[in-house]
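# Coordinates in review
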Amino acid sequence: MKNVTFIVCLFLTGFYSCNQNPDNSEAKQTMTKVETTVSKKEKAINQVVKDAYALISFEKGTTLDHEALRAIFTNDATTYNFRGDSLVFSNIDDFISGFKGAINSGEITAFNEVELGGKTEYFGNIGHRISAYASYFDGAEKIGEKGVNSFQVVKVDGKWLINSIIWDVEKTGQSIPVTYLTRKHEH
């Protein structure tokens, strides 16, 4: 009899703990918090990355706010990219100057880069956001380029700043991993 009672209790414990009752508001809140809770540090890191995408994007007939763009980077920030076959390096001021030159010459008339998803990690005053992106050139509705940005950030005087961006683009045989295409909803 003790074995039967034990098995019945075990079954009922399992049944009640696994019950997915949608009317249980406490379970809903707990589930929502687990899925959407993001730390203050992660929110701040994600915000500087979001700002970078917004500040580098512009529509035809408008101009880039170069000072605001420069302000989200450290003094010695760098960029590295593998858009071609080899690594291209520049410091942030040369990158902004080159981008500004391409705009002024009409080589780029509009640019929009958006995050498709990513993941943020941090420790103390350092952080990293790996971020899948899509770029649209000259007002086109079709994606001109997709790739992955790796943002290295540091906290300086209480503010998160970008210290480095390294990126590579999708190529034949090199697709963006699905794990980078997942967006985390922040609340």
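Above this text sits the structure in question.
Residues numbered from 1 in each chain as written. Predicted model: local features only at pLDDT ≥ 70, side-chain atom pairs only at ≥ 80, totals over all residues. Heavy atoms only, no water.

### Things to note about the environment of Y53
Secondary-structure assignment places Y53 in helix α3 (residues 40–56). On the basis of relative accessible area, Y53 is assigned to the buried category, the value being 5%. Taking the C-alpha atoms as reference points, Y53 and L69, 16 residues apart in sequence, are found 9.5 Å from one another. Beyond its immediate stretch of four places on either side in the chain, Y53 contacts E113, V114, E115, S131, A132, Y133, N149 and F151. Separated by 3.0 Å, the side chains of Y53 and N149 make a polar contact. (Helix = DSSP H or I, 4+ residues; strand = E, 2+ residues; numbered from the N terminus. Buried < 20%, exposed > 50% of the residue type's maximum accessible area, 1.4 Å probe, protein only. Contact = heavy atoms within 4.5 Å. Polar contact = N/O pair within 3.5 Å; in protein donor to acceptor, adjacent residues only side chain to side chain.)

### With respect to the packing of aromatic side chains
According to the stated counting rule, one finds seven aromatic pairs in the structure shown. Summarising the aromatic geometry, the rings of Y53 and F151 are spaced 5.8 Å apart at their centres and angled 75 degrees between planes, so their arrangement reads as edge-to-face. One end of the pair, Y53, is in helix α3; the other, F151, is in strand β5 (residues 145–156), and 98 residues separate them in sequence. An angle of 80 degrees between the planes, with centres 6.3 Å apart, marks the rings of F58 and F99 as edge-to-face. Residue F58 is found in the loop between α3 and α4 (66–71), and its partner F99 is found in helix α5 (residues 92–104); the two are separated by 41 residues along the sequence. The residues F58 and F99 share a single accessibility class, namely buried. (Phe/Tyr/Trp six-rings, centres within 6.5 Å; stacked < 30°, edge-to-face > 60°.)

### A closer look at the pattern of salt bridges
For the coordinates displayed, the defined rule picks out six salt bridges. Close ionic contact of R83 with E145 constitutes a salt bridge, the shortest N to O distance being 2.8 Å. Of this pair, R83 sits in the loop between β1 (73–82) and β2 (88–91) while E145 sits in strand β5, placing them 62 residues apart in sequence. Close ionic contact of D168 with K171 constitutes a salt bridge, the shortest N to O distance being 2.9 Å. Taking the relative accessible area as the measure of exposure, D168 reaches 23% and is therefore partly exposed. (Salt bridge = Lys/Arg side-chain N within 4 Å of Asp/Glu carboxyl O.)

The analysis is restricted to geometry; functional conclusions fall outside its scope.
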